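Structural features, examined
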Amino acid sequence: MACIGKWTLLMSIALVCGCSAILGQSEKRKVHIVYMGNSLANPEKATSLYQKVLAKVLSGKEEVARSMVYSYTASFSGFAAELSTTEAASISKMPGVVSVFPSSVKKLHTTRSWDFLGLSTTSNHGLPTGGSNIIIGVLDSGVWPESESFSDKYLPDPIPSRWKGTCVSGDSFSSSNCNRKLIGARMFPNGYEQNFGPIIGPGEYRSPRDAEGHGSHTASTAGGSSVKHASLFGLAEGTARGGTPTARIAAYKVCWFGSCTDADILAAFDEAVADGVDLISSSIGGSPQDYFSDSIAIGAFHAVQNGVFVSSSAGNSGPSVYTATNVAPWLTTVAASSIDRKFTSSIVLGNSLPYKGVALNTISLSNPWYPLVSGEAIRNASSPLANFSKYCYDGTMALDKVKDSIVVCYGGVGAPDATVLAAGGAGVILVDSFDKSVGFAFSLPCSVVGTADAKHILKYINSTSFPVADILPSITTVDDSLVPQTAIFSSRGPNVITPDILKPDITAPGVDILAAWSPVSSISGESTDNRSTSFNIISGTSMSCPHVTGAAAFVKSFHPEWSPAAIKSALMTTATPLDGDKRFNKDGPLGYGSGLISPTKATDPGLVYDADTTDFSLFLCGLNYTSEQVQLISGFSNFSCPEEVPSVIDLNYPSIAIANVQGSLNKSIIRTLTNVGFSGNSTYTVHIQAPKGVSVTVSPSCLHFDAPYQRLSFHANFQANSLPSEQVYLSGALTWTDGIHFVRSPVLIWPASFTVQ
């Protein structure tokens, strides 16, 4: 019945007056997304309807055909087409259209970690045989199918019969590249090619094959097979594996030369849901947008509606606040944190004093000593940028002084290692005043030091006529005292779209992660670096996101009947809040959400905060979406927003955020818990960790469950006569426990003038 009502509404589009073909000849067309809500029953009729919509603003069938880029028919309704601004505005006014927005370009958010999270290679922790029935879809830059991480050698089980996907052929890729592990591989180039022209090498394959390495890295992190003795030229040697190594992988290539268009992203979401994936990992992002002008939020809404868990990266724009992206509440938004490992490369000076830097340096210098110079001291006076020679910019240094020398360069804009290498230099000591907790690979021997060590190194240079130095290859150091910290690059909240929804949701390892790589991709990112490897170490929320996908797959293998929201709740309420170095964790839950994932604990959370399409529909009402818009989005033809507008803070979310408080505080919220414990009969008592200066009451304070999947609600009230004058957040927690399970929800309150000091 719902489809009949929607068809009646949508077919009226073809009868709208005043929408005849309008084309301002001076307007340049660009790809736009026309989003029309929930999916329709008949894909062929849906495509025909889309063509009729276009025909109202375009002239003739040929122009309609040329304009159409994608038809979205599986999990949601809409299309991508080349439109002028005037044409897009005309379509946006038609009945049945939720939103029209330009197809923007998003970017990628660019072993040991699973041991650190408690999933060792020596134990399967009771992993059920259903793990091989889990299918993970990865939206990224493709896949390198020959990698051992995608071997099906230890997967005797047949491909799940419900799988409807395929492996498409293209440049250096055919259906034979897939197997029982890599069961699907598709590409989505149309949006990119409409924006930038045909995809032609070198540096890219017009196929699912991964030329960049990023897609192979994320896919293998989420669900890669176990590979012993994996390393980057000896660094981080061990067993590389995904969170659920028996899971199946389906690769959806949406990123080309590092750019990913909205049109291609939406097409991949649509196909992935139709193919039958259980989870989607998307380490892609742009600036936060209204939820239904955001391709990832739209695709994820309908994926979750169809029972597919979606995780996405929070972004790499930290440590500034208000930088988190992918903030829709139906998404699991992932921050990045460190693990108990780092890579150090020692610098030895001619006076025998050693300094320990951080880098992924796998190159040995051929001689024991090299002249040591400062980029600032060897400036090229004829260069207009001579005063910036300390940053080793191209052309700013005297080339004869660089040749065969180790050069001290300060971090800035550009790649000093490439500049020094091009000038014949032997190595670089890079001075980073911001952070040296993340290791990077360089195109020549390099080690990164802080400003304190740099002063001593420069003092040595000025103290002798012939300063010399050596840079040693990196070594792997495992140290429990190193962990965990919110990565300095990891984007922070608050949520700029809906401040009363705490984002990011959770954190996972995203610093110095070893995983599969494309052997044709540069290790350091420099075109002059011709080294080839099957595994690489990189950092970013791109790396933490698939960790959560893998953890969610692990949980789903135990509980295949759980909803995406239930899995998300299990991961969040069993997570461990980060302590330690306040320089990195000063942002608290705004940096790490609920905390660091604990996959084994998440398989038995006791209680979950569940949510479905009805909950999210009421949430949209709270954001002032109309009943008609919510009907289109949700597919509920009889849905009406309540007369009393729901509060978005009452979405049944595993965390609690109270934003933009001015003066006194008196706020009540409601939450509902579902009993998923192995014992149907249990009593939970709430433990309150009240934010400073805030009175918190919970009613009832005890919840008695006497049946599995029973749902019970509670109210929490937060009161304060006035918040502290400092422009900082206040944090606390509500924890429900039966003595065995600890179901923790972080509480965060901040004033309208919030900043981080």
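In what follows, the accompanying structure is described. (Residues numbered from 1 in each chain as written. Predicted model: local features only at pLDDT ≥ 70, side-chain atom pairs only at ≥ 80, totals over all residues. Heavy atoms only, no water.)

Below, the discussion takes up the state of the cysteines. Evaluation of the coordinates by the stated rule reveals 4 disulfides. Across a sulfur-sulfur distance of 2.0 Å, Cys392 and Cys409 are joined as a disulfide pair. Across the disulfide from Cys392 to Cys409, rotation about the S-S bond amounts to roughly -90°, and the bridge is consequently left-handed. Here Cys392 is found in the loop between β19 (370–374) and α10 (399–402), whereas its partner Cys409 is found in strand β20 (residues 406–410), with 17 residues between them in sequence. Cys409 carries the same exposure label as Cys392, and that label is buried. Described in terms of the sequence order of its bonded cysteines, the disulfide pattern of the protein chain is 1-2, 3-4, 5-6, 7-8. The cysteine Cys446 is free of any disulfide, with Cys409 supplying the nearest cysteine sulfur at 8.0 Å. (Disulfide = S-S within 2.5 Å. Helix = DSSP H or I, 4+ residues; strand = E, 2+ residues; numbered from the N terminus. Buried < 20%, exposed > 50% of the residue type's maximum accessible area, 1.4 Å probe, protein only.)

What follows concerns the sheet that holds strand β34 (residues 711–720). Paired through backbone hydrogen bonds, the strands of a sheet run either parallel or antiparallel to each other. Taken in spatial order, the 4 strands line up as β28-β30-β34-β32 in an open sheet, and their pairing is antiparallel. Whereas interior strands pair on both sides, the edge strands pair on one side only; in this sheet they are β28 (607–608) and β32 (695–699). (Pairing = 2+ DSSP bridges.)

The tally for this structure, following the rule as stated, stands at 22 aromatic pairs. By way of ring pairs, the aromatic residues Tyr35, Tyr70, Tyr72, Phe76, Tyr291, Phe292, Phe301, Trp330, Phe616, Phe619 and Tyr625 are connected into one cluster. Lying over the aromatic face of Tyr410, Lys390 brings its terminal NZ or CZ to 4.2 Å of the ring centre. (Phe/Tyr/Trp six-rings, centres within 6.5 Å; stacked < 30°, edge-to-face > 60°. Lys NZ or Arg CZ within 6 Å of the ring centre and 35° of its normal.)

A full pass over the atoms with the stated rule returns 14 salt bridges. Across the salt bridge formed by Arg209 and Glu146, the nearest N and O atoms sit 2.9 Å from each other. A residue pair is termed long-range when its members are at least 10 positions apart, and Arg209 in the loop between α6 (190–196) and α7 (214–223) and Glu146 in the loop between β6 (135–140) and β7 (182–187) qualify at 63 residues. For Arg209, a relative accessible area of 5% puts it in the buried group. Glu146 sits in the partly exposed class, given a relative accessible area of 47%. One salt bridge in this structure joins Arg186 and Glu271, with 3.9 Å as the shortest N-O distance. A residue pair is termed long-range when its members are at least 10 positions apart, and Arg186 in strand β7 and Glu271 in helix α8 (residues 262–275) qualify at 85 residues. Of the residues examined, Glu271 reaches a relative accessible area of 31% and is grouped as partly exposed. (Salt bridge = Lys/Arg side-chain N within 4 Å of Asp/Glu carboxyl O.)

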